[in-house]
Amino acid sequence: MNKTNATSIESSRIAQSIGLTLDRFIKNNQDQFQYASGELSQLLRDIALASKVVNREVNKAGLIDIMGAMGTQNMAGDNQQKLDVLANIRFTRALAKGGEVCALVSEEAESFVDLNNEGKYVIAIDPLDGSSNIDVNVSIGTIFSIYRRKTQTGTPLQSIDILQKGSEQVAAGYVLYGSSTMMVYTTGHGVNGFTYEPSLGEYFLSHPDLKMPEDGKIYSINEGSSNSFSNAIRDYIQYCKDQNYTARYIGSLVADFHRNMLKGGIYIYPITSKDPHGKLRLMYECNALAFIAEQAGGKASNGHNRILDIELKELHQRTAFYVGSKNMVTKAETFK
Ligand code: AHM
Ligand code: MG
């Protein structure tokens, strides 16, 4: 078969799969997993179910009194919003009940949660990212990374089970609560996106085999913080302007990443004088998006090294984050 025929058969296979429910898609693709026992599939379904509950709460946030700061702070020192807390509870409950996950790392908790079960997977999750946008009706998201537990089930959990490098993820994804709600995930065999149809309560495959354009014209960085950026980052911003790129910055990582994946672009959260190690968290914010970016043909680094190769030393470790179209990230890395 020549290449053109093979490509058109592949495109028609993809086109025919549009509209599949998430459940059916997960089932159809279960044999792609290295350990195809159905548990990872069930885990993805548990996440999807919890996200529907969170989606309902995000959507009615304007109607009832669940908005606003609780007056407490999470581990990273951010003001905890009620919806952050609720989302954390929803995901933790769904994952604990499901039984596939033995340990959970969350932005909202200081140490990992040992679920005391026989689960083979470890999950790192930011239940509701984009805290500054929760109260103002702007897109927010959930980010998750899934790892295999390394030690035997039934024995005490060890740090090698929890502190795994991004390259060891077996699956990762995000849910975007935007003008529509989407779940996008990878198990290391490409990236697929599903759009939620609220009247049916189902996610349907809408963006099969997502690919990030190799180049783009969008740069996403909080330019208001320029005074605390390095000269290299300031020079790169000037380069973007000289190229007539467009600036787009929502301030919700999932939303900025998603747009750039569809349209071509780069997102940068560099080290700053305020956050000398970067602001974003490697384990439950950057690793998942780095895995998805690479699976979609994009690139993710800390400005020097591949995100997925960075060693984890602590749960809430921070990093600089450059992610997006491959050629744009490569170019940004040349500014030193
Ligand atoms: P959060 O975990 O408190 O929500 O912080 C993460 C968010 C990202 O979603 C976003 O890209 C970035 O922080 C925005 O930070 P800043 O307001 O400093 O630009
Ligand atoms: Mg976050």
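A.B. asks: So, the side chain of Arg-259: which residues are in play, and what are the values?
C.D. replies: Inspection of the secondary structure puts Arg-259 in helix α7 (residues 253-263). Beyond its immediate stretch of four places on either side in the chain, Arg-259 contacts Ile-218, Ser-220, Arg-248, Ile-250 and Gly-264.

A.B. asks: Quick one: what's the story with the site of ligand 1, residue by residue and with numbers?
C.D. replies: Taken together, 17 residues sit near ligand 1, with Asp-129, Tyr-249, Leu-253, Tyr-267 and Tyr-269 positioned nearest. At 2.9 Å, a side-chain N or O of Glu-107 approaches an oxygen atom of ligand 1. Within the side chain of Tyr-249, a nitrogen or oxygen atom sits 2.6 Å from an oxygen atom of ligand 1. Of the residues belonging to the shell around ligand 1, the class tally is five nonpolar, five polar and seven charged. Summarising the domain contributions, the shell around ligand 1 has at least three residues from each of domain 1 (3-207) and domain 2 (218-333).

A.B. asks: Could you give an account of the packing of aromatic side chains, naming the residues involved and the relevant values?
C.D. replies: Under the definition given, this model contains 10 aromatic pairs. Ring geometry for Tyr-174 against Phe-257: centres 5.8 Å apart, planes inclined by 85 degrees, an arrangement best described as edge-to-face. Within this pair, whereas Tyr-174 is found in strand β7 (residues 169-177), its partner Phe-257 is found in helix α7, the two being separated by 83 residues in sequence. Between Tyr-239 and Phe-335, the aromatic rings sit 5.5 Å apart at their centres with planes inclined by 55 degrees, giving tilted as the arrangement. Of this pair, Tyr-239 sits in helix α6 (residues 231-242) while Phe-335 sits in the segment after α9 (326-333), and the two are 96 residues apart along the sequence. These aromatic residues form a ring-pair network of at least three members: Tyr-236, Tyr-239, Tyr-245 and Phe-335.

A.B. asks: Outline unusual backbone geometry, supporting the account with residue identities and numerical values.
C.D. replies: What you tend to see is this: most non-glycine residues have negative phi, and most peptide bonds are trans. You will see that Asn-116, though not glycine, has its phi angle at about 50 degrees, which is positive. Looking at the secondary structure, you find Asn-116 in the loop between β4 (113-114) and β5 (121-129). Of note, the phi angle at Asn-244 is positive, near 60 degrees, even though the residue is not glycine. Turning to its location among the elements, Asn-244 is positioned in the loop between α6 and β12 (246-247).

A.B. asks: Requested: an account of the packing of α7 against helix α8 (residues 282-295), with residues and values cited.
C.D. replies: It is the contact of α7 with α8, at a shortest axis distance of 12 Å, that shows an interaxial angle of 10 degrees. As summarised for this structure, α7 and α8 are arranged roughly parallel, according to the angle between their axes. For the pair formed by α7 and α8, the contact residues are Leu-253, Phe-257 and Met-261 on the first element and Glu-285, Leu-289, Ile-292 and Ala-293 on the second.

A.B. asks: Can you break down the coordination of the magnesium ion (ligand 2) residue by residue, with the values?
C.D. replies: Think of it this way: four donors in a tetrahedron around the metal ideally sit 109.5 degrees apart, and six in an octahedron ideally sit 90 or 180 degrees apart. Listed as protein donors to the magnesium ion (ligand 2) are Glu-107 (OE), Asp-126 (OD), Asp-129 (OD) and Glu-285 (OE); their distances from the metal cover 1.9 to 2.3 Å. Each donor residue of the magnesium ion (ligand 2) lies on one chain, and together they are spaced E-x18-D-x2-D-x155-E. Pair noted here: Asp-129 is in strand β5 and Glu-285 is in helix α8, with a separation of 156 residues, a long-range link.

A.B. asks: Go over the packing of helix α3 (residues 39-59) against helix α4 (residues 82-98), please, and point to the residues and values.
C.D. replies: Two quantities define a packed helix pair, namely the angle between the helix axes and the distance between the axes. Viewed as axis vectors pointing N to C, α3 and α4 meet at an angle of 155 degrees, and their least axial separation amounts to 9 Å. The angle between α3 and α4 places the two elements in the roughly antiparallel class. Between α3 and α4 lies a crossing of right-handed hand. Where α3 approaches α4, its residues Leu-43, Asp-46, Ile-47, Ala-50, Ser-51, Val-53, Val-54, Glu-57 and Val-58 are matched on the opposing element by Leu-83, Leu-86, Ala-87, Arg-90, Phe-91, Ala-94, Leu-95 and Gly-98. Residues belonging to the contact of α3 with α4 are distributed by class as follows: 12 nonpolar, two polar and three charged.

A.B. asks: Report on the nonpolar core, specifying residues and quantitative values.
C.D. replies: Ranked by size, the top nonpolar core spans 44 residues in total, and within it Tyr-174, Phe-257, Met-261, Met-283, Leu-289, Ile-307 and Phe-321 carry the most contacts. It is α8 that provides the largest number of residues to this core, a total of 10 residues. When residues of this core are assigned to domains, at least three fall in each of domain 1 (3-207) and domain 2 (218-333). Not counting residues up to four positions away in its chain, the partners in contact with Phe-257 are Tyr-174, Met-212, Leu-289, Ile-292, Ala-293 and Val-323. Residues Phe-33, Leu-83, Leu-104 and Ile-140 belong to the second largest nonpolar core, which totals 39 residues.

A.B. asks: So what's going on with the pattern of salt bridges? Residues and values would help.
C.D. replies: Evaluation of the coordinates by the stated rule reveals 13 salt bridges. A salt bridge links Arg-149 to Asp-161; the shortest N-O distance between them is 4.0 Å. With Arg-149 in the loop between β6 (140-148) and α5 (159-162) and Asp-161 in helix α5, this pair connects stretches of sequence that are 12 residues apart. For the pair Arg-149 and Asp-161, a shared accessibility class is recorded, and that class is buried. Taking the shortest distance from any N to any O, the salt bridge between Lys-211 and Asp-209 comes out at 3.5 Å. Through salt bridges with shared partners, one network takes in Glu-107, Arg-281 and Glu-285.

A.B. asks: Break down α4 for me, with residues and values.
C.D. replies: An α-helix turns once per 3.6 residues; consequently, residues spaced three or four apart project the same way. Taking 1.5 Å as the rise per residue, α4 with 17 residues should run 24 Å; its terminal C-alpha atoms sit 24 Å apart, in good agreement. Just downstream of α4, Gly-99 is the residue with a positive phi angle, here 85 degrees.

Parameters and conventions
- Residues numbered from 1 in each chain as written.
- Chains lettered and ligands numbered in written order.
- Predicted model: local features only at pLDDT ≥ 70, side-chain atom pairs only at ≥ 80, totals over all residues.
- Heavy atoms only, no water.
- Helix = DSSP H or I, 4+ residues; strand = E, 2+ residues; numbered from the N terminus.
- Contact = heavy atoms within 4.5 Å.
- Near = heavy atom within 4 Å.
- Polar contact = N/O pair within 3.5 Å; in protein donor to acceptor, adjacent residues only side chain to side chain.
- Nonpolar A, V, L, I, M, F, W, Y, C, P; charged D, E, K, R; others polar.
- Domains from an automatic or database assignment.
- Phe/Tyr/Trp six-rings, centres within 6.5 Å; stacked < 30°, edge-to-face > 60°.
- Axes fitted to C-alpha atoms, helices over the stretch in contact; angles between N-to-C directions.
- Parallel < 35°, antiparallel > 145°, perpendicular 65-115°, else oblique.
- Donors = N, O, S within 2.8 Å, 3.2 Å for Na, K, Ca; no water.
- Left-handed = near helix turned anticlockwise from the far one by under 90°.
- Core = buried A, V, L, I, M, F, W, Y, C linked by side-chain atoms within 4.5 Å.
- Buried < 20%, exposed > 50% of the residue type's maximum accessible area, 1.4 Å probe, protein only.
- Salt bridge = Lys/Arg side-chain N within 4 Å of Asp/Glu carboxyl O.
- Expected span 1.5 Å × (residues − 1).

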